[in-house]
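Here is how the chains run, residue by residue.
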Amino acid sequence: MASWRRSCREGLEIRPSVGKGLGLFTTKALEEGEELFEEDPVCGMALLMFDQPNGRRHCQHCMRFLPETLEGGTSVCCAAGCGAFYCTKACREEAWAHHSVLCGANECWANFEQEARECCNEYYILAARALASLRADTLEEDLWEQSPWSGYASPAWWETMKRPKYEDSDSESSASHGESSSADLDSEDEASLDRFFQSTVRDQTCDMGQKLLSVLEGQVSSLAEALLRAGPEPLGRLMGLLRVNAMALHAFRQVGEDEDQDLARGMAIYSLTSAMNHDGEANCFVSSDPDMPQRCLVRTLRRVEPEEELCIDYLQGSPYTTEQRCQVLLQQYGIAPPEEPKEPMPYMGTAFVDGHVCAGTRAHQQTAGWCLIVSSFLFKTMTSTAISWHVLLWHFHIKTIPGTS
Ligand SMILES: C[S@@+](CC[C@H](N)C(=O)[O-])C[C@H]1O[C@@H](n2cnc3c(N)ncnc32)[C@H](O)[C@@H]1O
């Protein structure tokens, strides 16, 4: 597992970027299509709980597809018998950093996981993994500063949330596109509902923090316990950190000519990539290694001059209109719209390009093409992966708010 601590290869630097916090910069000129770096997640891969039916077909750590039968292969299962499968012993050992505590065979954890599932909130699982993997054991005054993720952007989780406005509970598309159904409410009502919503998210975080503490107590570092004991703020900041820094991963496999695609989704935090800011006309592109879905690769999309900031499009490959993009960027990342928003690049969706699956625009697909091509040599059935920053978690469920359940 990679470290939260950030260290750049020669020629790249993390430093302040005006109005954006930190950013990643190049000190040298870069050519178009240059591979800048690749990195593994710092926080364990999560096979997302919305995709549980697919869970057994993927390694629960690196998300690689498992062979149809486990006999004769390298696949292994959790020794405690919780039903988690891994592609190799090495993956099982890496996952042990959190799985030793967060194993489905541990009833306390299984209950917490169920609770997070009921809230439809996968960030709770990722936050639990981050806390369970914390190794620091001596406590200093500022707990947050002592955590290895203290240098990451970490707005409070409830500040990154905006009350979803559902037409009805099934209209996912209108919710995910931020469409309003409450035309009758005036702005004061809206603001007060927003405040109520945020305080409910805060209360829920507080409650989940207590529950997570009872799962982890006595089994993790004293720093992890102290962070959970210090009220809802540290967990809220960790959840916010995950919300603005985690990238969505998708692994696809075409099972047969006529059969549907096999799809797995995951979320991961990367140390260097998470220092990259958003730009609608990004000079870089993130993809993932098809042979190693959780590994992310950053390449340039055009020539980049020395001292230029390296940026990516957070909504790379998303089918949003310009207006919807502005809303999501503002609500989730706190990024104000540019004075004159430009039309996004045409969305190609998840599509076959020259026989390979990938997401994003055609320009992106071509840039990512080489790694996808490798996949067809490696697998009898075709496997490929895509990666994007934006994770749609509009489905999350806050039980006490009328109209959102
Ligand atoms: C993944 S982090 C990027 C690194 C971050 N700037 C830092 O200091 O760690 C995402 C956050 O960076 C900031 N950010 C990214 N792109 C931005 C932009 N174009 N304008 C303003 N803020 C931006 C927002 O606060 C966003 O929530």
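Rules used in this analysis
- Residues numbered from 1 in each chain as written.
- Predicted model: local features only at pLDDT ≥ 70, side-chain atom pairs only at ≥ 80, totals over all residues.
- Heavy atoms only, no water.
- Helix = DSSP H or I, 4+ residues; strand = E, 2+ residues; numbered from the N terminus.
- Contact = heavy atoms within 4.5 Å.
- Areas by Shrake-Rupley, 256 points an atom, 1.4 Å probe, with all protein chains shown as cover.
- Near = heavy atom within 4 Å.
- Polar contact = N/O pair within 3.5 Å; in protein donor to acceptor, adjacent residues only side chain to side chain.
- Nonpolar A, V, L, I, M, F, W, Y, C, P; charged D, E, K, R; others polar.
- Buried < 20%, exposed > 50% of the residue type's maximum accessible area, 1.4 Å probe, protein only.
- pLDDT = per-residue confidence, 0-100.
- Pairing = 2+ DSSP bridges.
- Axes fitted to C-alpha atoms, helices over the stretch in contact; angles between N-to-C directions.
- Core = buried A, V, L, I, M, F, W, Y, C linked by side-chain atoms within 4.5 Å.
- Domains from an automatic or database assignment.
- Expected span 1.5 Å × (residues − 1).

What should I look at first to understand the overall build of the chain in this one?
Along its length, the chain carries 10 helices and 15 strands. Expressed as a percentage of contacts within the chain between residues at least 6 apart in sequence, the contacts between residues at least 24 apart total 70%. Within the structure as shown, the chain displays about 18,300 Å² of accessible surface, and the carbon and sulfur contribution to it stands at 50%.

Is there a simple way to think about the environment of L213 in this case?
For L213, the position within the fold is in helix 6 (residues 187-216). Sequence spacing of L213 and A226 is 13 residues, and the spatial spacing of their C-alpha atoms is 9.3 Å.

Just to check I follow, could you spell out the site of the ligand for this structure?
Taken together, 16 residues lie around the ligand, and K20, L22, N277, H278 and Y333 are the ones closest in. Here an oxygen atom of the ligand and a backbone polar atom of A153 are 3.5 Å apart. Within the contact set of the ligand, an oxygen atom lies 2.9 Å away from a backbone nitrogen or oxygen of Y333. Against a free-state accessible area of 570 Å², the protein chains account for coverage of 85% of the ligand. Looking at the shell around the ligand, the elements with two or more residues in it are strand 2 (21-26), helix 8 (232-245) and strand 9 (277-278). Of the residues in the shell around the ligand, the class split is 9 nonpolar, 6 polar and 1 charged.

Help me understand helix 7 (residues 222-229) in this model?
One turn of the α-helix equals 3.6 residues, which is why residues spaced by three or four share an orientation. Among the 8 residues of helix 7, 6 are classified as buried, and the element is accordingly described as predominantly covered. Within helix 7, burial applies to L223, A224, E225, A226, L227 and L228. At its buried positions, helix 7 is contacted by helix 3 (123-132), helix 4 (143-146), helix 6 and helix 8. Among the residues trailing helix 7, G231 stands out with phi positive, at a value near 85 degrees.

Sorry if this is basic, but what is going on with the confidence of the model for the chain here?
Atom-level detail of predicted coordinates should not be read off regions where pLDDT is low. Averaged over all residues, the pLDDT of the chain equals 76, while 71% of them reach at least 70. Every residue in residues 345-385 scores below 50 in pLDDT, and together they form 95 contacts with partners more than four places removed in sequence or on other chains. Contacts for the low-pLDDT stretch residues 391-405, under 50 throughout, to residues beyond four places or in other chains number 48 contacts.

In this structure, what is going on with unusual backbone geometry? I would like to understand it.
Most peptide bonds are trans, and most residues other than glycine sit at a negative phi. At M63, a residue that is not glycine, the phi angle is positive and equals roughly 75 degrees. By secondary structure assignment, the location of M63 is in the loop between strand 4 (43-47) and strand 5 (76-77). Phi is positive for E307, close to 75 degrees, though the residue is something other than glycine. Tracing the backbone through its elements, the reader meets E307 in the loop between strand 11 (292-300) and strand 12 (309-312).

It is not clear to me how the pairing of strand 2 should be interpreted in this structure. Could you clarify?
Every other side chain in a regular strand lies on the same face of the sheet, so the side chains alternate between the two faces. Here strand 1 (residues 12-17) pairs with strand 2 via 6 bridges, running antiparallel. Looking across to strand 2, one finds that R15 is bridged to G23. Two successive antiparallel strands, strand 1 and strand 2, enclose a turn made up of 3 residues, where G19 displays a positive phi of approximately 75 degrees. Summarising the sheet, strand 2 and strand 12 pair through 2 bridges and their orientation is antiparallel. Paired with L24 across the bridge in strand 12 is L310.

Looking at this model, I keep getting lost on the packing of helix 2 (residues 107-118) against helix 3. Mind explaining?
The axes of two packed helices give the description: the angle between them and the distance between them. Two elements in contact, helix 2 and helix 3, have axes separated by 9 Å at closest approach and are oriented at 145 degrees. Side by side, helix 2 and helix 3 meet where W109, F112, E113 and A116 of the first sit next to Y124, I125 and A128 of the second. Here the residues of the contact of helix 2 with helix 3 sort into 6 nonpolar, no polar and 1 charged.

It is not clear to me how the nonpolar core should be interpreted in this structure. Could you clarify?
One broad rule of soluble globular proteins: the nonpolar side chains tend to lie buried together. In this structure, W4, L131, W149, L216 and I269 are the most contacted members of the largest nonpolar core, which totals 49 residues. Broken down by element, the residue count for this core peaks at 9 residues, all from helix 3. Each of domain 1 (12-41 + 246-388) and domain 2 (57-241) gives at least three residues to this core. In contact with W4, other than residues within four places in its own chain, are V42, C43, A130, P148, W149, Y152, L241, I269 and S271. By size, the runner-up hydrophobic cluster in this structure holds 31 residues, among which are M63, A264, V298 and V304.

Would you mind showing me how to read helix 8 here?
For helix 8, built from 14 residues, the straight-helix expectation of 20 Å at 1.5 Å per residue is met to within 8% by its first-to-last C-alpha distance of 20 Å. Taken across its 14 residues, helix 8 has 12 buried, putting it largely inside the fold. Among all positions in helix 8, only P232, P234, L235, G236, L238, M239, G240, L241, L242, R243, V244 and N245 are buried.

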